[in-house]
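Overview (structure and organization)
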Amino acid sequence: MNATLNIGWIGLGRMGEAMVKRLTAAGHGARVWNRTRAKALHLAEYGATIVDSKLELAGCDVVFTMVSTTDDLKEVLFGEGGLVTGATKPKLLVDSSSISQEGSAEIRGRLEALGIGYLCAPVSGNAKVAKAGKLLVVASGPKAHYEAVAPLLQAMGRKVMWVGEGELARVWKIAHNTMFGVIIQSLSEITVLAEKAGIPRHVFLESINDSVLGSMYTRYKSPVLTNLTFDQVTFTPRLLLKDMDLGLGAGKAHGVPMPSAAATRESIARLVGRGHEDVDFAILLLEMARDAGLELKPENVKVDDGLASP
């Protein structure tokens with residue numbers, strides 16, 4: 001595919017917005033629809049065209065979707081005024097949402113029955129990672145579809161991969177986000193342990209990041225954990241709880257015991273139960289500290305998130 005193709009985009013949450021900006025910055029025009037139109041208007045400055053209805057994207061060669069749940073994806077596709085409900089149909093749908101394997105398979109069947117190609121393309125990384133161009137995009141579905149849109153996917157990240165046919169990318173994403181939860185649980189526990197013993201939080205986190213245990217994930221969460229800026233939302237506790245449930249469901253379906261994931265799921269459920277809504281899931285650190293009788297304070301230290309260009 002090339003920049004002359006007609007590209008559509010549905011869904012402008014934190015991730016979708018950042019990905020559209022990367023796509024347009026690479027010279028690929030995009031026609032964009034969002035449930036709240038006002039939130040999309042500023043993207044015109046980046047080369048996007050804002051449309052008033054999903055059906056206006058039906059003539060596109062490829063439409064990308066990035067929404068929150070399986071039901072959200074079904075609604076934008078098949079609901080009233082949905083993308084594929086008119087006489088004209090897009091040639092290919094590429095979905096980057098975090099949804100279940102079963103829901104994705106159902107959607108694939110419905111789209112393919114209409115003659116529409118379907119590619120799963122979930123990503124690793126949050127909006128800050130997307131803005132930095134460091135997403136990993138993992139796709140599954142017909143390899144010809146993957147090869148056709150690989151240059152577009154590459155424009156949005158640092159690496160793209162094809163893992164196989166069907167919904168295998170959904171399994172990958174579910175496994176990825178389950179580990180995502182388990183790591184923040186473990187990192188919160190050991191950070192509280194270190195601080196209560198007397199090690200400054202930013203010093204401990206720096207040591208972890210520079211050890212064999214460090215990763216892009218632990219590094220880019222370190223500023224939030226150090227300065228307790230949980231209002232800078234990348235992913236909410238409720239969304240993480242949804243993904244932990246998907247992970248445990250997949251484990252049950254495939255006969256895989258997941259004790260670490262099960263314990264983490266209950267910890268995240270407690271965050272939701274305590275009313276933590278539009279905050280970053282890393283607020284788990286605060287709750288773990290309170291359980292240990294430790295009241296955390298922001299350290300007001302500048303910490304490298306590792307996302308700056310080298």
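Residues numbered from 1 in each chain as written. Predicted model: local features only at pLDDT ≥ 70, side-chain atom pairs only at ≥ 80, totals over all residues. Heavy atoms only, no water.

Another point: the pattern of salt bridges. Using the criterion set out here, one finds 19 salt bridges in the structure. Measuring nitrogen to oxygen at the nearest pair gives 2.7 Å for the salt bridge that ties Arg170 to Asp95. Of the two residues, Arg170 is situated in helix α6 (residues 168-197) and Asp95 in strand β5 (residues 92-95); the sequence distance between them amounts to 75 residues. We classify Arg170 as buried; its relative accessible area is 1%. Judged by relative accessible area, Asp95 falls into the buried class, the value being 0%. By sharing partners, the salt bridges in this structure join Lys74, Glu106 and Arg110 into a single network. (Salt bridge = Lys/Arg side-chain N within 4 Å of Asp/Glu carboxyl O. Helix = DSSP H or I, 4+ residues; strand = E, 2+ residues; numbered from the N terminus. Buried < 20%, exposed > 50% of the residue type's maximum accessible area, 1.4 Å probe, protein only.)

Counting residues in each nonpolar core, the largest one holds 70 residues, and the members touching the most others are Trp9, Met19, Val32, Phe64, Val94 and Leu153. Counting residues per element, this core draws most heavily on helix α5 (residues 143-155), which supplies six residues. Residues in contact with Met19, not counting those within four places in the same chain, are Trp9, Met66, Ser96, Val123, Ala130, Leu135 and Met156. By size, the runner-up hydrophobic cluster in this structure holds 23 residues, among which are Cys60, Ile99, Cys120 and Ala169. (Core = buried A, V, L, I, M, F, W, Y, C linked by side-chain atoms within 4.5 Å. Contact = heavy atoms within 4.5 Å.)

From the geometry alone we can't say anything about function, so treat these as descriptive.
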